[in-house]
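Next come the chains, spelled out residue by residue.
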Amino acid sequence: MIPPIANNFVAGESPAEALEHVEDLNERGVSAILNLLGEHYEERPPADEDAAAYENLVRDIDQSGLDACISVKPSQIGLDVGDDVFAENLTDIAAAADEHDVFTWVDMEDHETTDATLDVYEDLTTEYGGGVGVCVQANLKRTEEDLERLADLPGKVRLVKGAYDEPKAVAYKDKARVNEAYRNYLRYMFREFDDGVAVGSHDPEMISLARDLHEEFGTDYEVQMLMGVRDDAQYELAADGVEVWQYIPYGNKWFSYFYRRAMERKENMLFALRAVLGR
Ligand code: FAD
């Protein structure tokens, strides 16, 4: 059982608890991206187990009629075991998701995984005509070239600033430089992408820029934010007609995820404490 303080950032341990959260969220006009917590499996059995859990989850989403999709971490479904294991598991998940009409996102991990992730993504999004999306990171210098490759493919792309501490040979380290790259990449995506743009950020400046770019280019977009981070802003944007998706982690490996969220910003910890204290 997840303590209430962690419950602000993680929807529960079971798929049923996660779907209960999705029901509330959908009522507020926000759609859901479900992520079963787990990463960096070095053996095949847990990777296959989580892949099977996602195949069950897409069936449950379909049966529930809720507005939800999934987001999968490559190292959770076998990338650390082998590129072939990752490709096999993601192919099975994408096939099950397609059968149940559920969209599949592929999260992006550190820069050493980018090529393997994009290669499998390219095959699958081509096969499923855009029913799969992938995340790219503004802090990586290579992203400019990756976006050119992705612009020619069906499928949605989520732009984030990047969560991994990367070496300076491959990444911008300065926050202002990352923000500049984010703005430039966002502009490129609104100009060049046909299948819509996903703005994976809590940053009011980037969300406002996306609104302006939508006005300028007419490209569809959605805003994606994490559960427990600027929840009120998520509801307000949705009420204002913006397509908003909340990324919702769940599962029994919740502790380290909650710890990271709580520690990364003072506001997160205060928010979690206020929720527990009921004020
Ligand atoms: P920051 O640069 O952290 O902050 C900018 C501004 O946003 C702040 O000044 C503040 O105004 C507002 N803000 C940010 N956080 C808070 C908060 N907690 N409370 C109140 N205001 C806040 N990273 C990856 O590397 N790979 C992925 O696959 C990936 N997927 C993601 C999916 C989603 C849906 C989201 C939202 C993020 C994902 N990330 C991923 C993480 C991402 O890379 C960033 O680390 C994270 O989003 C923080 O950057 P930011 O753009 O939100 O804003």
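Since the model is a prediction, treat every value here as computed from it, not as a measurement.

Trainee: How should helix 7 (residues 204-217) be read in this particular structure?
Mentor: Residue pairs three or four apart in sequence face the same way in an α-helix, which turns once every 3.6 residues. Over its 14 residues, helix 7 extends 20 Å from the first C-alpha to the last, a length consistent with the 20 Å expected when each residue adds 1.5 Å. What helix 7 keeps buried is the set Met206, Ile207, Leu209, Ala210 and Leu213. Down the axis of helix 7, the buried set is contained in an arc of 155°. They therefore lie on one face. Against the buried residues of helix 7 lie helix 6 (175-192), strand 6 (197-200), strand 7 (221-226) and helix 8 (231-239). A side-chain oxygen of the first residue of helix 7 lies 3.0 Å from the backbone nitrogen of Glu205; this N-cap is Asp203. Taken from the residues just after helix 7, Gly218 is the one with a positive phi, measuring 75°.

Trainee: When you look at helix 8 in this model, what are you seeing that I'm missing?
Mentor: For helix 8, the complete set of buried residues consists of Asp231, Ala233, Gln234, Tyr235, Leu237 and Ala238. Gly241 sits one or two residues past helix 8 and shows a positive phi near 95°.

Trainee: Honestly, the sheet that holds strand 3 (residues 104-106) in this entry has me stumped. Any pointers?
Mentor: Hydrogen bonds between backbone groups are what pair the strands of a sheet, and the pairing can be parallel or antiparallel. Taken in spatial order, the eight strands close into a barrel running 1-2-3-4-5-6-7-8, and their pairing is parallel. Between one strand axis and the next, the sheet turns by 25° as a mean value, whatever way the strands run. Judged from the three bridges that link them, strand 5 (residues 157-160) and strand 6 form a sheet pairing that is parallel. Bridge assignment links Arg158 to a residue of strand 6, and that residue is Ala198. Across the sheet, helix 7 lies against strand 6 and strand 7, angled at about 170° from strand 7, the strand it touches most. Running over the sheet, helix 8 touches strand 7 and strand 8 (243-250) and is turned about 160° from strand 7.

Trainee: Before we go on, may I ask you to explain the nonpolar core in this structure?
Mentor: Nonpolar side chains tend toward joint burial in soluble globular proteins. Formed by 94 residues in total, the largest nonpolar core has its most connected members in Leu34, Leu147, Leu150, Leu186 and Phe193. It is helix 6 that contributes the most residues to this core, eight residues altogether. Not counting the four nearest positions on each side in its chain, Leu150 is found in contact with Leu118, Tyr121, Val134, Val136, Val157 and Phe193.

Trainee: Explanation requested: the pattern of salt bridges in the structure shown.
Mentor: As a working rule, side chains carrying opposite charge can pair if their charged atoms are close by. Per the stated rule, a full pass over the model turns up 17 salt bridges. Between Asp165 and Lys173 there is a salt bridge, with its nearest N and O atoms 2.8 Å apart. A salt bridge links Glu192 to Arg191, with the shortest nitrogen-to-oxygen separation between them at 3.2 Å. For Glu192, a relative accessible area of 34% puts it in the partly exposed group. For Arg191, a relative accessible area of 46% gives the class partly exposed. Among the charged side chains, a network of salt bridges with common partners joins Arg44, Asp48 and Glu88.

Rules and cut-offs
The numbering scheme is per chain: residues are counted from 1 as the chain's sequence reads. Residue-level local features of this predicted model are given only where pLDDT is at least 70; pairs of side-chain atoms are given and counted only at 80 or more, and the full residue set underlies all totals for whole chains, interfaces and linings. Hydrogen atoms and water are omitted, and side-chain values are computed over all heavy atoms in the structure. A run of H or I in DSSP becomes a helix once it reaches four residues, and a run of E becomes a strand once it reaches two; helices and strands are each numbered from the N terminus. Each helix should span, by expectation, one fewer than its residue count multiplied by 1.5 Å. Throughout this description, buried means an accessible area under 20% of the type-specific maximum (1.4 Å probe, protein chains only), exposed means over 50%, and partly exposed covers the range between. Arc definition: directions from the helix axis to the C-beta atoms. Should any heavy atoms of two residues lie within 4.5 Å, those residues are counted as being in contact. Counted as a polar contact is a pair of N or O atoms within 3.5 Å, where, for protein atoms, one must be capable of donating a hydrogen and the other of accepting one, and residues adjacent in sequence contribute only when both atoms are in side chains. In this scheme, strands are said to pair when DSSP sees at least two bridges between them. To obtain each axis, a line is fitted to C-alpha atoms, and for helices this fit is confined to the stretch in contact; angles are then taken between N-to-C directions over 0 to 180 degrees. For the purposes of this section, nonpolar cores are sets of buried Ala, Val, Leu, Ile, Met, Phe, Trp, Tyr and Cys residues that join through side-chain atoms within 4.5 Å. Salt bridges are identified by distance alone: a Lys or Arg side-chain nitrogen within 4 Å of an Asp or Glu carboxyl oxygen.

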